[in-house]
Amino acid sequence: MGKSPTSLIQIPQLSKNKQFLTKAIKKAMPAGAVLVTPIKSSTKETIHMVDIDGDHVDEAIVFYRNEEFDREIYVSQFHNCSF
């Protein structure tokens, strides 16, 4: 007999570096901040790695909102975040 469909499903795992980066960014965010994914993003990531300043080192870009106070979207940039 073959395997059941549910036995073939695995929970996605982040790399150790991505786990560390995610924890560091969440720690740096204001109280009540919730990371969000842009609706029209080509990838469904909450942390976008982009070389914004052309120094060949990616910066981490995150979008967030404060869940308790408002619905505005904010953006933060973190430097020295290469994997």
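Residues numbered from 1 in each chain as written. Predicted model: local features only at pLDDT ≥ 70, side-chain atom pairs only at ≥ 80, totals over all residues. Heavy atoms only, no water.

Draft legend 1. Summary view of the overall build of the protein chain. Scanning the protein chain from N- to C-terminus turns up one helix and four strands. Listing every helix and strand of the protein chain by position from the N terminus yields α-β-β-β-β. Relative to the globule expectation of 12 Å for 83 residues, the C-alpha radius of gyration of the protein chain, 16 Å, shows a markedly less compact shape. Seen through its C-alpha atoms, the protein chain measures out along the principal axes to roughly 55 × 35 × 25 Å. In the protein chain, which comprises 83 residues, the proportion classed as buried is 24%. Of the contacts formed within the protein chain by residues at least 6 apart in sequence, a portion of 42% connects residues at least 24 apart. (Helix = DSSP H or I, 4+ residues; strand = E, 2+ residues; numbered from the N terminus. Rg over C-alpha atoms; globule rule 2.2 N^0.38 Å. Buried < 20%, exposed > 50% of the residue type's maximum accessible area, 1.4 Å probe, protein only. Contact = heavy atoms within 4.5 Å.)

Draft legend 2. Broad picture of the pattern of salt bridges. Across all of its chains, the model carries one salt bridge by this definition. A salt bridge links Lys 18 to Glu 45, with the nearest nitrogen and oxygen atoms 3.1 Å apart. Of this pair, Lys 18 sits in helix α1 (residues 16-28) while Glu 45 sits in the loop between β1 (33-36) and β2 (47-50), placing them 27 residues apart in sequence. Residue Lys 18 is classed as buried on the basis of its relative accessible area, which comes to 16%. (Salt bridge = Lys/Arg side-chain N within 4 Å of Asp/Glu carboxyl O.)

Draft legend 3. A look at α1. Taking 1.5 Å as the rise per residue, α1 with 13 residues should run 18 Å; its terminal C-alpha atoms sit 19 Å apart, in good agreement. Burial in α1 covers these residues: Lys 18, Leu 21, Thr 22 and Ile 25. Along the long axis of α1, the arc covered by the buried residues comes to 100°, so they all point the same way. Residues of α1 that are exposed and point more than 90 degrees away from the buried face comprise Lys 16, Phe 20, Lys 23 and Lys 27. Packing partners of the buried residues in α1 comprise β2, β3 (59-66) and β4 (74-78). (Expected span 1.5 Å × (residues − 1). Arc of directions from axis to C-beta.)

Draft legend 4. Region of interest: the nonpolar core. With nine residues, the main nonpolar core is built from Leu 21, Ile 25, Met 29, Leu 35, Ile 47, Ala 60, Val 62, Tyr 64 and Phe 78. Breaking this core down by element, the ones donating at least two residues are α1 and β3. Ignoring any residue separated from it by four or fewer positions in sequence, one finds Val 62 in contact with Ile 25, Met 29, Leu 35, Thr 46, Ile 47, Tyr 74, Val 75, Ser 76 and Phe 78. (Core = buried A, V, L, I, M, F, W, Y, C linked by side-chain atoms within 4.5 Å.)

Draft legend 5. Region of interest: unusual backbone geometry. We note that His 56 has phi near 65°; this positive angle belongs to a residue other than glycine. Within the secondary structure, His 56 sits in the loop between β2 and β3.

Draft legend 6. Seen up close, the environment of Met 29. Mapped onto the elements of the fold, Met 29 is located in the loop between α1 and β1. Here Met 29 falls in the buried class, since its relative accessible area comes to 11%. It is 8.7 Å that separates the C-alpha atoms of Met 29 and Tyr 64, two residues lying 35 residues apart in sequence. Among residues more than four places away in sequence, those in contact with Met 29 are Leu 35, Val 62, Tyr 64, Ser 76 and Phe 78.

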